[in-house]
Amino acid sequence: MNRTAAVSIRLDGVRKQYDDGTVAVRELSLELPAGELTVLVGPSGCGKSTILRMVNRLIEPTGGRMWLGDQEITAVDPIALRRRIGYVIQNVGLFPHQTVRDNVGTVPKLLGWPRAQVADRTAELLDLVGLDPARYADRYPNELSGGQRQRVGVARALAADPVVLLMDEPFSAVDPIVRGRLQDEFLRLQQTVRKTIVFVTHDVDEAVRLGDRIAVLSEGGKLEQFAPPAELLAKPANTFVAEFVGADRGIKLLAVTPIPREGLRPMPDGKHEAPSVPADGSLRDALAALLEGDTGWVVVRDGDDVLGILTPADVYAVLRR
Ligand code: ADP
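Residues numbered from 1 in each chain as written. Predicted model: local features only at pLDDT ≥ 70, side-chain atom pairs only at ≥ 80, totals over all residues. Heavy atoms only, no water.

Undergrad: Lay out the pairing of strand S9 (residues 213–218) in plain terms, naming residues and giving numbers.
TA: Across the six residues that make up S9, a large majority, five, are buried. Pairing of strand S3 (residues 37–41) with S9 involves four bridges; the strand directions are parallel. Opposite Val41, over in S9, you have Val216 as the bridge partner. Pairing analysis gives five bridges linking S9 to strand S10 (residues 222–227), with the strands arranged antiparallel. Pairing of Ser218 across the sheet is with Lys222, part of S10. Hairpin connection of S9 to S10: three residues between the antiparallel strands, including Gly220 at a positive phi of 80°. (Buried < 20%, exposed > 50% of the residue type's maximum accessible area, 1.4 Å probe, protein only. Helix = DSSP H or I, 4+ residues; strand = E, 2+ residues; numbered from the N terminus. Pairing = 2+ DSSP bridges.)

Shown next as structure tokens:
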């Protein structure tokens, strides 16, 4: 599935001033690690799409330098570059008069892959995004739901095994329930493909749910903070970030903080009926279980094994760390 090694993306003093004088990105330096999902988040108009579109050279920067691994982005042919970069946008942009199969196979065909290989790859990708090829490959985009179209868009972007995946608000046009499901599926997919992904959203919850790292931007593409979700929520760098992540950042933090495996208290003696949580859950799961029971503690389990117990004071101690 993954033949191409992931590469990092580096921006050094990148600037974009549009022809009408608008400075969308003043001067941005940022290194996005290989194989990680970095979210660019910030209010509308802060320059997120501009940044993304400079990386695949749909628009040209007016200053600074950018690299894909050790290759300078502005030094390569833009068309060849775009074939190595998957791009997913809101409303997908599928070709309406082509079947799902042809949509997904677009770039491999352009690259001259043999037909049989294109067919195999298409089926493999539809499977990967949770669409049964036998059922969906011959449909046209208007015979799919919004969520299904979005999955085809992701499959198409992955088709030629790109080194990088750029996603611009890909899930914004679908309803919140489908969006949640697409996000979960997408996280599972990333576990498999481990691409370097740049994901643009204006939605903090989506950023926290998906990102290995989050870049919070303000107007002019100004980088306010670049950190993993838990760090962003626990230690916002300034008032802009604190306000942007919202007053409920404590609750968001609980959801992204894993239950500790080390230093759990032992089970008290005697038989107690207490709620339990799986060891791979979050502190929010632990708190929910605490509220469910009246024991004042929850049992942390790894399958049938009991790892120990957690009290509200322990939860608090983890958050204070
Ligand atoms: P975001 O994706 O964060 O909403 P954009 O990158 O789309 O922001 O836009 C950043 C700024 O650049 C905005 O002020 C927007 O109006 C401006 N802008 C975007 N595209 C153009 C363009 N083609 N010409 C002039 N200004 C533009």
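Undergrad: I'd love a proper account of the sheet that holds strand S12 (residues 298–302), names of residues and values included.
TA: The three strands are arranged S11-S12-S13 in an open sheet whose pairing can be described as mixed. Of all strands in the sheet, those with a lone pairing partner are strand S11 (276–278) and strand S13 (305–310), marking the two edges. Taking each pair of neighbouring strands and ignoring which way they run, the sheet shows an average axis angle of 30°. Two elements, S12 and S13, share five bridges in a ladder whose sense is antiparallel. Within the sheet, the bridge partner assigned to Arg301 lies in S13 and is Val306. Against the sheet, helix H13 (residues 283–292) makes contact with S11, S12 and S13, and its axis sits at roughly 165° relative to S11, the strand it touches most. (Axes fitted to C-alpha atoms, helices over the stretch in contact; angles between N-to-C directions. Contact = heavy atoms within 4.5 Å.)

Undergrad: So, empty space enclosed by the protein: which residues are in play, and what are the values?
TA: Scanning all chains against the criterion turns up one cavity of 30 Å³ or more. Reported here for the largest cavity is a volume of approximately 30 Å³. What lines the largest cavity is simply Leu32, Leu40, Ile51, Leu52, Val55 and Val198. A per-element tally of the lining of the largest cavity places helix H1 (residues 48–55) first, with three residues. Across the lining of the largest cavity, the residue classes break down as six nonpolar, no polar and no charged. (1 Å grid on protein atoms, 1.4 Å probe; cavity = no way out; pocket = protein on both sides within 12 Å on 5 of 7 lines; lining within 4 Å. Points joined across faces, edges and corners; volume = space filled by probe spheres on them. Nonpolar A, V, L, I, M, F, W, Y, C, P; charged D, E, K, R; others polar.)

Function cannot be inferred from these measures alone, as they are strictly geometric.
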